[in-house]
Amino acid sequence: MSATIASTLGSAQAAGLFDSVLGREGTQAEQSAKARQRIWRIREFSTVQLLGREAGAPENQHPVKLNADALRIALGQFKSLDSRGKERPLFDADELAEISEPIAQAFANAEPGDDVLLVSSARRDGFLAPPTAVTARLFVEGGNLNFIAHDSNFEFVHIVRSTSMSPNFLYGARGKASDVKLVGAGAGNRRSDWLTVSLTQATTVPTPPPPPPLVLAAPPAAAPTLTPAAPPVAAPVAAAPAAPAAPIVKPADPKADEIERRLTALKQLRDKGLITDDEYKQKRKDILQSL
């Protein structure tokens, strides 16, 4: 199991984070606080929390112990489909590393009357693009981990900038489908926005196949020693001209490639009207000064 990502709420929980990093078990009071934890703040606009299950829904099979690494692998297979049917990963690698452990902790603390709610934000369209959010409701039922998405690429930043308030995230519902379309290797589709994964996939890390055996061929039997007849003297053969040396290719400068990529992304933002000409010129000047 990967290192615990603790909530930043309260000094006891903050101390628990350092205890997990340093390998200490922590005090009984800290362990008790961790057991009662119902919200995990990963970063701004990225949280995992426990909330009462939807009205009319049957009791969930909670609590359940999930393996954070197995969960990360399972969620890494989830993809969303855009309006043209093109697939894109629902989460990037950094997100999966951040959210898997808090989700596993939430399921360990959950009761049958709880659902697990997830909002995870990341810059999915490049490091200069604003972050977007994935929102989902998770629960265990029928021996499966259920994942219902409400948003796969929610552009919430303009709401925060215009109102200075946190957006109203929605988390997916059993009774009403959202517009999100999901697919996942090894996952079932109860609905276009609803994937199910067997608990085996969420609790067991796949074992890589063993390497092929190293087979050593038996050495050939030694041939009997014969005294060969003297070979005829062959006419001298002109030596073949030496092949020209391969040209030395100077390796690409990774810093120059990074500068070019940043300038291209910056121009795209200006062309889309996401930044002003003045902002474009100032940022371009800053990037060029880093050469």
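One can find the structure itself at the top, above this paragraph.
Notes on the structure follow. Numbering of residues begins from 1 in every chain and follows the order in which that chain's sequence is written. Local features in this predicted model are restricted to residues whose pLDDT is 70 or higher, and side-chain atom pairs enter the listing and the counts only when it is 80 or higher, whereas totals over whole chains, interfaces and linings include all residues. Hydrogens and water molecules were not included; the side-chain quantities draw on all heavy atoms of the structure.

1. Here we look at the nonpolar core
With 35 residues, the main nonpolar core has L75, F91, I103, F107, L138 and F147 as its most contacted residues. Secondary structure elements follow DSSP: runs of H or I of four or more residues count as helices, runs of E of two or more count as strands, with numbering from the N terminus. The set of elements that each furnish at least two residues to this core consists of β1 (39-43), β2 (46-52), α3 (68-75), α4 (93-109), β5 (114-122), β6 (132-141), β7 (144-154) and β10 (194-198). Of all the elements, α4 adds the most residues to this core, at 6 residues. Among residues more than four places away in sequence, those in contact with F107 are H62, P63, V64, L66, V116, L138, F139, V140 and L145. Judged by nonpolar contacts, the second largest core, of 9 residues, contains F45, V119, A133 and F156. Definition of nonpolar core: a set of buried residues of the types Ala, Val, Leu, Ile, Met, Phe, Trp, Tyr and Cys, connected through side-chain atoms within 4.5 Å. The buried label goes to any residue with under 20% of its type's maximum accessible area, the exposed label to any with over 50%, and the partly exposed label to all in between, with areas taken from a 1.4 Å probe on protein chains only. Between two residues, a contact is recorded if the distance between any of their heavy atoms is within 4.5 Å.

2. Things to note about the pattern of salt bridges
We define a salt bridge as a contact between a side-chain nitrogen of Lys or Arg and a carboxyl oxygen of Asp or Glu at a distance within 4 Å. Within the structure shown, the criterion is met by 14 salt bridges. When the shortest N-O distance is used, the salt bridge between D69 and R72 registers 3.8 Å. With D69 and R72 both in helix α3 and 3 residues apart, the pair spans about one turn of that helix. Residue classification places D69 among the partly exposed positions, given a relative accessible area of 25%. Look at R72 and you get partly exposed, because its relative accessible area is 33%.

3. Looking at the packing of α3 against α4
Geometry is summarised by axes, namely lines fitted to C-alpha atoms with helices restricted to the contacting stretch, and by angles between N-to-C directions that run from 0 to 180 degrees. Taken N-terminus to C-terminus, the directions of α3 and α4 make an angle of 125 degrees; their axes are 8 Å apart at the nearest point. The pairing of α3 with α4 is recorded here as oblique in orientation. The handedness of the crossing between α3 and α4 comes out as right-handed. Of α4, the residues touching α3 (which contributes A68, L71, R72 and L75) are L96, A97, I99, S100, E101, I103 and A104. Each residue is assigned to one class: nonpolar for Ala, Val, Leu, Ile, Met, Phe, Trp, Tyr, Cys and Pro, charged for Asp, Glu, Lys and Arg, and polar for all the others, Gly among them. The residue inventory of the contact of α3 with α4, partitioned by class, reads 8 nonpolar, 1 polar and 2 charged. Each angle is binned into one of four classes, with values under 35 degrees roughly parallel, values over 145 roughly antiparallel, values of 65 to 115 roughly perpendicular, and all other values oblique. Two helices crossing with the near one rotated counterclockwise from the far one by less than a right angle form a left-handed crossing, whereas a clockwise rotation gives a right-handed crossing.

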